[in-house]
Amino acid sequence: MAFLKTQGRTKERFSLLLLDLEEYYFEQHTAYHVTTSSNKEKKVRGSLKVCSRSIIFDPEDLAEPILKITLRDCKKIEFLDRENNPFHEPRPSAISILCVQVIYIKESNVIAPYRNERGAKNETFQLEGWSKTEDVVQTLLQLHRASCLEKLGDQTAMIAANLQSRLARSFFDKNCFQSVGEKPHMECAVEMVMPLVSNPGNVCITDESLYFQPLNGYPEQVIQIQLHRVRRIYKRRHGLRPLGLEVFCTENDFCSDIYLKFYKTADRDEIYYYMATFLENHVTEHTAESYMLQWQRGHLSNYQYLLHLNNLADRSCNNLSQYPVFPWVINDYASDRLDLTNAATFRDLNKPVGALNQERLDQLLARYRGMPEPRFMYGSHYSSPGYVLFYLVRVAPEHMLCLQNGRYDHADRMFNSIGDTWKNCLEGATDFKELIPEFYGNDCGFLENKLRLGLGRRQNGSLVGDVVLPPWASDSRDFLQKHRTALESQYVSEHLHQWIDLVFGFKQRGGEAIAAHNVFHPLTYEGGIDCDSIEDPDQRIAMLTQILEFGQTPKQLFTTPHPQRITPRFQNITRSPSSNSPVSDLSPASQSEDSSFEDLTEESRKLAWANMGNLKPISSHKIHKEAVTGIAVSLDGSAIFSTSQDTTLKMFSKELKDFQRSMSFSNMALSSCLMLADGKTVVCSSWDNHVYFYSIPFGRRQDTLMGHDDAVSKMCWFDDRLYTASWDSTVKVWLCASDGSSSHKRSQFQLLAELEHDAGVNTIGLNPAGTLLVSGCKDGAVTIWDTSGYTTLQQIHCHTGSIHHMAFSPDSRHVLSVGADSCMKVTDVQTGMVISTVKAVEEQRCFCWDGNLVLCGGQSGDLLLWDLLSNTVIQRIPAHSGAVTAMWMSELCSTVITGGNDRQIVLWKLLS
């Protein structure tokens, strides 16, 4: 398996995957981590790694965790001079680091999500080679200055200068030559590329071998490839530039022996042509056409041919943005027996995944026709780093942790079932992914949780373990064998050329792509944008990162229709030797009642949204003197709380159909309210810069948080953490722990983080898991934050006016925002790309959505039910006589409450 091959060079616990993306590992020093407890000093021996954006300490004792301190979290780095006190033992010089966060990795030597420990910490390290301590401190201070620069472009430039300085001072050590008679041809600085990481060093090519010597000596001092063993070499695009070179010592393996990124195209080309000249006498050079002829005549299997096409099209297992792509070929993951003689068993290879469901395609085409240029049909790609690791997390958990900032994805979004994954590819609004070569290989490890990873617990209570297989597969080996048999079957052999036309051929671009419903976002195509033409370095880096994370379309190999394979027509080519294997052990009877309840709840939500057009008003009540700004409901649904610009919080009884309480905290408007999980406290935000906690049982204000320098506009709550947004251009995160008394008074408010913005913040929202926060500003900017470290993941200026409201989709993959520009925008969380824009006839002020359908409250006072796939209003429902300003929806989506400028609250019910 590709990942295991690159990992096999080292048995160390440390890995480059512990670094941040685009980070370099520079040097290591044997050192001691010194801690003091109860006046006792403890020293742990290990390796101190100096990286471009962090410091990593890898202890020799496997029971001790690896420590990572990002340089941007360091407040002070200083050199502690050696002590020579005649009355005490000499104390060696040391490195003292004052930081605000330490990340603990592989605790108890277990691969698991990282643990971030925040708070002021002072860490001390003593080098075994005392004399180097001051030099190491100076290096760290220089890198710390780079990490603290405001602009990402300036950070990158300063780190690149440091790297080039190191490379300029290093040379390939010719003592590493295998033979004294070797004649060097050339050497230059390069980076060895592996999935998600790269390692700088020097390459040297001789008349006998290609050598790579890492700058840091990791994973070994030198890597040698003898030229007589080389079978294939490919030029590669890396970071959209012609700088890559990949070398294979096997004919049919899709994992290379080394992938190098050069700093100059001329250096890459010189080594390529030198190797090509050497290989002329040993290896026949193949083109796409020569492979096609071999395949057409049956000399190559479908699997081998697809591997060769992927290689020629710049796909590499070392580059997750351009990982080899293979098709789904089976359509039946539900039957007890796999019938490969039945055409209905197979997927239609003449269509891309997004066009396999006609109903979904019609909606996508309706949206496509209403788009401004450049138009695209699919807002996500069929291959991306996230999708590759979705499939491979069980064998590449450290890659997933690296990609996702030390966390796994939510358990219910993991690769749990092959059948469910295929179903989502057919029905999901934004899921169009294809497969990877591992699904047709011999190693079934990616389907089994052999490492016993703690990948999380699903909502139905079950732990994420092995992938659930189709009933026709007795085990994972049987699944792969039958899957490979299906790939080589007569049906697929007769139709594979149609899929090749879509992915590598003439239907990839232009009018043929439009006719085949095969148009993806322009940035995914080679030459779609020239990053070098973007002058601002910050924008250039952001654009490049967005392109690489989103996924890329393969290089186009054919510009005319691909010929069909010449196949003999006989039956037994499609017969599987174990087609009557027993049904999988997993049966509905083995699932828990929680699973049934969860499935029922999800089905109820889907049914509710499918019938949202049947929403009917039950009652309306004018209980405020000015516009309603927020709505919260008690846990039992008996009481409705609403805030208003009239300064009051009011409690309305559904049973009595009248308001029971009215509370005023100040003479300024209240802007929002929320109900805490205890069901006993309502929190209100105010234009007077304060947040008020109201106790329902005691009927009085129990606490006041003086939080901001301007009006508090919106709040969110998750696990004792309160998020407050304000027009003072900040979002603040507070730990609001209860003191445990019967009054439920909060004993203290601890400020955990202050998130700065360029303009006043109008609205915020949390994803269901509380791991992501989104904020919307008066200047139209949308910012997505990681709540574990309060770092910015994406910032997009997607509206031309103030943002009114925004929310994550239930699966946390997208954010919907509405603003004063009358636009509704859907932003992809992972890439930061705006994948859908709807221009409405009026401003939308608030909404609830299920990821596809949106129930909006408009400026006119009507409720509008939007279908985002087709960008159309399904239904307009009269609601208020002024703008709809607040909306609440029950968990099962069957009850809605709205508030408006007309000072009314309206209760709605979904009628069957």
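That block above? That's the structure.
Predicted model only: the values in this text are computed from it and were never measured.

Side note on the overall build of the protein
Part 1 of the argument: When helices and strands are tallied, the protein shows 15 helices and 42 strands.
Part 2 of the argument: A compact globule built from 912 residues should have a C-alpha radius of gyration of about 29 Å, and the protein, at 30 Å, falls within 12% of that.
Part 3 of the argument: Structurally, the protein occupies a C-alpha span of about 95 × 95 × 55 Å along its principal axes.
Part 4 of the argument: Expressed as a percentage of the 912 residues in the protein, the buried residues total 58%.
Part 5 of the argument: Partitioning the contacts of the protein with sequence separation of at least 6, the portion at a separation of at least 24 is 57%.
Part 6 of the argument: On the protein, roughly 38,000 Å² of surface is accessible, and the fraction owed to carbon and sulfur atoms is 48%.
Part 7 of the argument: Positive and negative side-chain charges of the protein, numbering 90 and 108 respectively, have mean locations separated by a distance of 1 Å.

Structural notes on the pairing of strand 33 (residues 814-819)
Part 1 of the argument: When you tally the buried positions in strand 33, you get 6 out of 6 residues, the bulk of the element.
Part 2 of the argument: On strand 33, burial covers both faces: H814, L816 and V818 on one face and V815, S817 and G819 on the other are all buried.
Part 3 of the argument: Here strand 32 (residues 803-808) pairs with strand 33 via 5 bridges, running antiparallel. Within strand 33, the residue paired with H805 across the bridge is V818.

Regarding the sheet that holds strand 11 (residues 223-226)
Part 1 of the argument: Spatial ordering of the open sheet is given by 11-10-9-8-14-13-12, a layout of 7 strands whose pairing is antiparallel. Each edge of the open sheet carries a strand with a single partner, namely strand 11 and strand 12 (232-238). Taking each pair of neighbouring strands and ignoring which way they run, the sheet shows an average axis angle of 30 degrees.
Part 2 of the argument: Against the sheet, helix 6 (residues 302-312) makes contact with strand 12 and strand 13 (241-248), and its axis sits at roughly 50 degrees relative to strand 12, the strand it touches most.

A short note on empty space enclosed by the protein
Part 1 of the argument: Evaluated as defined, the whole model comprises 4 cavities of 30 Å³ or more.
Part 2 of the argument: Each pocket or cavity is described by its volume, and for the largest cavity that value is around 100 Å³.
Part 3 of the argument: As for the largest cavity, its lining consists of R367, A429, T430, H814, V826, I835, S836, W849, G851, N852, L868 and L869.
Part 4 of the argument: Residue composition of the lining of the largest cavity, grouped by class: 6 nonpolar, 5 polar and 1 charged.
Part 5 of the argument: When its volume is computed, the second largest cavity comes out at roughly 70 Å³.
Part 6 of the argument: Along its surface, the second largest cavity is lined by P352, V353, G354, Y382, F432, E434, W499, L502, V503, N518 and F520.
Part 7 of the argument: Each residue belonging to the lining of the second largest cavity can be placed in one class, and the counts come to 8 nonpolar, 2 polar and 1 charged.

Quick look at a negative patch on the surface
Part 1 of the argument: On the surface, E150, D154, D758 and D779 cluster together into a negatively charged patch.
Part 2 of the argument: Within the secondary structure, D758 sits in the loop between strand 27 (746-756) and strand 28 (761-766).

As for the sheet that holds strand 29 (residues 772-777)
Part 1 of the argument: Taken in spatial order, the 4 strands line up as 28-29-30-31 in an open sheet, and their pairing is antiparallel. Two strands in the sheet have a free side with no partner beyond their single neighbour: strand 28 and strand 31 (791-797). For this sheet the average axis-to-axis angle between neighbouring strands, irrespective of direction, equals 20 degrees.
Part 2 of the argument: Bridge count for strand 29 against strand 30 (residues 781-786) is 5 bridges, and the pairing is antiparallel.

Remarks on helix 7 (residues 358-369)
Part 1 of the argument: The end-to-end C-alpha separation of helix 7 is 16 Å, in line with the 16 Å expected for 12 residues at 1.5 Å each.
Part 2 of the argument: For helix 7, the complete set of buried residues consists of R360, L361, Q363, L364, L365, R367 and Y368.
Part 3 of the argument: The secondary structure elements touched by the buried residues of helix 7 are helix 10 (418-427), helix 13 (510-515), strand 35 (834-839) and strand 38 (863-867).
Part 4 of the argument: Put simply, N357 is the residue that caps the front of helix 7, since its side-chain oxygen is 3.1 Å from the backbone nitrogen of E359.

Cut-off values and rules
- Residues numbered from 1 in each chain as written.
- Predicted model: local features only at pLDDT ≥ 70, side-chain atom pairs only at ≥ 80, totals over all residues.
- Heavy atoms only, no water.
- Helix = DSSP H or I, 4+ residues; strand = E, 2+ residues; numbered from the N terminus.
- Rg over C-alpha atoms; globule rule 2.2 N^0.38 Å.
- Buried < 20%, exposed > 50% of the residue type's maximum accessible area, 1.4 Å probe, protein only.
- Contact = heavy atoms within 4.5 Å.
- Areas by Shrake-Rupley, 256 points an atom, 1.4 Å probe, with all protein chains shown as cover.
- Lys, Arg positive; Asp, Glu negative; His and termini not counted.
- Charge placed at Lys NZ, Arg CZ, Asp CG, Glu CD.
- Pairing = 2+ DSSP bridges.
- Axes fitted to C-alpha atoms, helices over the stretch in contact; angles between N-to-C directions.
- 1 Å grid on protein atoms, 1.4 Å probe; cavity = no way out; pocket = protein on both sides within 12 Å on 5 of 7 lines; lining within 4 Å.
- Points joined across faces, edges and corners; volume = space filled by probe spheres on them.
- Nonpolar A, V, L, I, M, F, W, Y, C, P; charged D, E, K, R; others polar.
- Patch = residues over 30% accessible without salt bridge, like charges linked within 9 Å, V, L, I, M, F, W, Y side chains within 5 Å.
- Salt bridge = Lys/Arg side-chain N within 4 Å of Asp/Glu carboxyl O.
- Expected span 1.5 Å × (residues − 1).
- Polar contact = N/O pair within 3.5 Å; in protein donor to acceptor, adjacent residues only side chain to side chain.

Nothing here speaks to function; it is geometry throughout.
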